[in-house]
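Fold and geometry: a report
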Amino acid sequence: MHLKRFWMKSILKRTGSIAASIPGDEWQIDKILLSALGLGLEQTMTYVYNTNPSFETFEDWVINTAGFPPASKIDRFNRLITGGNVSNGPVPNVLTEKELDFFEANGYLVVENVVPKTDCDKAIDVICNYIGIKRDDPETWQSDHAARQGIMVQLFQDNILEKNRQSTRLRQVFEQLYNRTDLWVTTDRVGVNPPETGNWKFPGPHLHWDVSLQLPIPFKLQGLLYLADTAENQGAFTLVPGFQHRIAGWLARLPAGADPRSENLEALGSKPIAANAGDFIVWLQALPHGSRPNTAAKPRFVQYITYEPADVNAAAIWK
């Protein structure tokens, strides 16, 4: 259910033949649909916009790209569409009081060893093979590939990437922080942030938000998995700790007409997060976050993973 509607909306949006409010009103359920199908949002929209497929061709692409979804997942999504019962069982208790207090104060948390290092190494091998680089050969690290967009790599489907997404402990972290279990894991991309050279400089993303700054900002989590040990100077993931408690006052103090996204967000107190292979960083979307130049001797490898509920409330306007 909803797949044909999503396809039709995408085709109409491609030609500007649909009211902007209609895709917006259903944005979250569209994302959950793609999550249920094991598809990346950007890869799906790129395919539709570039090929203008018939519905039958689109269905074939879905299956050829991500395989046929399990019947249990189809049933769960269809019950979501029809308003049926979607299980929301007991919330796990995997985080300590100390960790929860840290998250409340700082808006982020580093959870150690959510994925075995052997699986992280396998994921790195998949990434390297996909974009044609060698983990131990610096001469290859900045090579061009159509799937590379800055430090992002448009790679979504692989058995080891899916295994990492399905880590029980990782899922339970999201369930405990959301205090609910009816969550959906997104099919997100991976990233490689190589060391800067004379010919290659860090392209971003610098500190930013992926959410409207219309207040109040909804409670929503984002996350990434370090696939290799990452030092602070190794292009580490960076954020502004505790900014969820300061953002309303900071926005109110900006001069009239100022664009908050164009302010010097580093000056807010950014912090690079060092962690080891298999460690997972989860943070609130209210925190400015991004990466930084890699001045170390090795690339940073990450996999972006997020679990989210189907009923996250999006802001009415983008600010």
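Only a predicted model underlies this, so the values are computations on that prediction, with no experimental measurement involved. For every chain, the first residue of its written sequence is number 1, and the numbers climb from 1 along that sequence. Note on the predicted model: pLDDT of at least 70 is required for a residue's local features to be given, and 80 or more for side-chain atom pairs to be given and counted; whole-chain, interface and lining totals, by contrast, use all residues. Side-chain descriptors were evaluated using all non-hydrogen atoms of the structure, hydrogens and water having been removed beforehand.

1. Observations regarding the overall build of the chain
The numbering of helices and of strands both runs from the N terminus, where a helix is a DSSP run of H or I of at least 4 residues and a strand a run of E of at least 2. A count of helices and strands for the chain gives eleven helices and twelve strands. This radius of gyration counts C-alpha atoms alone. The globule rule is 2.2 Å times how many residues there are, raised to the power 0.38. In terms of C-alpha radius of gyration, the chain reaches 20 Å, essentially the compact-globule figure of 20 Å for 319 residues. Counting all 319 residues of the chain, 50% fall into the buried class. Within the chain, residue pairs in contact and separated by at least 24 positions form 84% of the contacts whose partners lie at least 6 positions apart. Roughly 15100 Å² of accessible area belongs to the chain as shown, and the carbon and sulfur atoms make up 52% of that amount. Taken as two groups, the 31 positive and 35 negative side-chain charges of the chain have centres that lie 2 Å from each other. Accessible area is worked out with a 1.4 Å probe on protein chains only. A residue is then buried under 20% of its type maximum, exposed over 50%, and partly exposed in between. In what follows, a contact means two residues having at least one pair of non-hydrogen atoms within 4.5 Å. For every accessible area listed, the method is Shrake-Rupley and the probe measures 1.4 Å; residues are considered covered only by the protein chains on display. Charge assignment in this entry is limited to Lys and Arg as positive and Asp and Glu as negative, and neither His nor the chain termini are counted. Charged groups are reduced to one reference atom each: NZ for lysine, CZ for arginine, CG for aspartic acid, CD for glutamic acid.

2. Brief notes about the packing of helix H1 (residues 3–14) against helix H4 (residues 41–51)
To define axes, lines are fitted to C-alpha atoms, for helices over the stretch in contact only, and angles between the resulting N-to-C directions are given on a 0 to 180 degree scale. Between H1 and H4, the shortest axis-to-axis distance is 10 Å and the interhelical angle comes to 60 degrees. With respect to H4, the element H1 is oriented oblique. Here H1 and H4 pass one another in a crossing that is right-handed. For the pair H1 and H4, contact is made by Phe6, Ser10, Ile11, Lys13 and Arg14 and by Thr44, Met45, Val48 and Tyr49, respectively. Each residue is assigned to one of three groups, with Ala, Val, Leu, Ile, Met, Phe, Trp, Tyr, Cys and Pro labelled nonpolar, Asp, Glu, Lys and Arg labelled charged, and all others, Gly among them, labelled polar. Here the residues of the contact of H1 with H4 sort into five nonpolar, two polar and two charged. Under this scheme an angle from 65 to 115 degrees is roughly perpendicular, one under 35 degrees roughly parallel, and one over 145 degrees roughly antiparallel; angles in between are oblique. Should the near helix be turned counterclockwise from the far one by less than a right angle, the crossing is left-handed, whereas a clockwise turn marks it as right-handed.

3. Quick notes on the pattern of salt bridges
By definition, a salt bridge exists where a carboxyl oxygen of Asp or Glu is found within 4 Å of a side-chain nitrogen of Lys or Arg. All told, the structure shown has 15 salt bridges when counted by the stated rule. Note that Asp30 is salt-bridged to Lys9, the shortest N-O span being 2.9 Å. Within this pair, whereas Asp30 is found in helix H3 (residues 27–37), its partner Lys9 is found in helix H1, the two being separated by 21 residues in sequence. Side by side, Asp30 and Lys9 carry an identical accessibility label, which is buried. Across the pair Asp75 and Arg79 runs a salt bridge whose closest N-O atoms are separated by 3.0 Å. With a gap of four residues between them, Asp75 and Arg79 both fall in helix H6 (residues 71–82), about one helical turn apart. With relative accessibility at 27%, the residue Arg79 sits in the partly exposed group. A cluster of three or more residues bridged by salt bridges with shared partners is formed by Arg5, Lys9, Glu26 and Asp30.

4. Considerations on the packing of aromatic side chains
Any two aromatic rings considered together are summarised by their centre-to-centre distance and by the angle between their planes. Stacked, edge-to-face and tilted labels apply to pairs of Phe, Tyr and Trp rings (six-membered ring for Trp) whose centres lie within 6.5 Å, assigned for plane angles under 30 degrees, over 60, and everything in between, in that order. Applying the stated criterion across every chain yields a total of 13 aromatic pairs. Relative to Phe243, the ring of Trp209 lies with its centre 6.4 Å away and its plane at 40 degrees, an arrangement referred to as tilted. Of this pair, Trp209 sits in the loop between strand E5 (190–193) and strand E6 (221–226) while Phe243 sits in the loop between strand E7 (238–239) and helix H11 (247–253), and the two are 34 residues apart along the sequence. Three or more aromatic residues link up through ring pairs in this structure, and these residues are Phe6, Tyr47, Phe58 and Trp61. Sitting over a ring, as applied to charges here, requires NZ of Lys or CZ of Arg to be within 6 Å of the ring centre and within 35 degrees of the ring normal. A cation sits over an aromatic face here: Arg76 above Trp184, 3.8 Å from the ring centre.

5. Re the sheet that holds strand E9 (residues 280–284)
A sheet is described by the order of its strands in space; here seven strands give the open sequence E1-E9-E6-E11-E5-E3-E2, paired in antiparallel fashion. Here the strands that pair on one side only, and so sit at the sheet edges, are strand E1 (108–111) and strand E2 (148–149). Pairing of strand E3 (residues 152–153) with E5, which is carried by two bridges, proceeds in the antiparallel orientation. The partner of Val153 across the bridge, within E5, is Val190. In this description, strands pair whenever DSSP reports at least two bridges between them.

6. Focus on the packing of H1 against H3
Relative orientation of the contacting elements H1 and H3 amounts to 120 degrees, with a least axis distance of 11 Å. Judged on the interaxial angle alone, H3 and H1 are oblique. For the pair H1 and H3, the crossing hand works out as left-handed. The segment H1 lies against H3, with Leu3, Phe6 and Lys9 engaging Asp30, Leu33, Leu34 and Leu37.

7. Topic: the environment of Ser17
For Ser17, the location among the structural elements is in the loop between H1 and helix H2 (21–25). Taking the relative accessible area as the measure of exposure, Ser17 reaches 47% and is therefore partly exposed.

8. Considering unusual backbone geometry
The omega torsion across Gly204 and Pro205 is 10 degrees, close enough to zero to call that bond cis. In this fold, Pro205 is placed in the loop between E5 and E6. Cis geometry is adopted by the peptide bond preceding Pro216, which originates at Leu215 and carries an omega value of -5 degrees. Along the chain, Pro216 turns up in the loop between E5 and E6. You will see that His2, though not glycine, has its phi angle at about 80 degrees, which is positive. Locating His2 in the fold gives a position in the segment before H1.

9. Comments concerning the sheet that holds strand E10 (residues 289–290)
Strands sit in the order E8-E7-E10 across an open sheet of three strands; the sheet is antiparallel. Each of the sheet's edge strands pairs with one partner strand only, and the pair in question is strand E8 (271–272) and E10. In terms of strand pairing, E7 meets E8 through two bridges, oriented antiparallel. Opposite Leu239, over in E8, you have Lys271 as the bridge partner.

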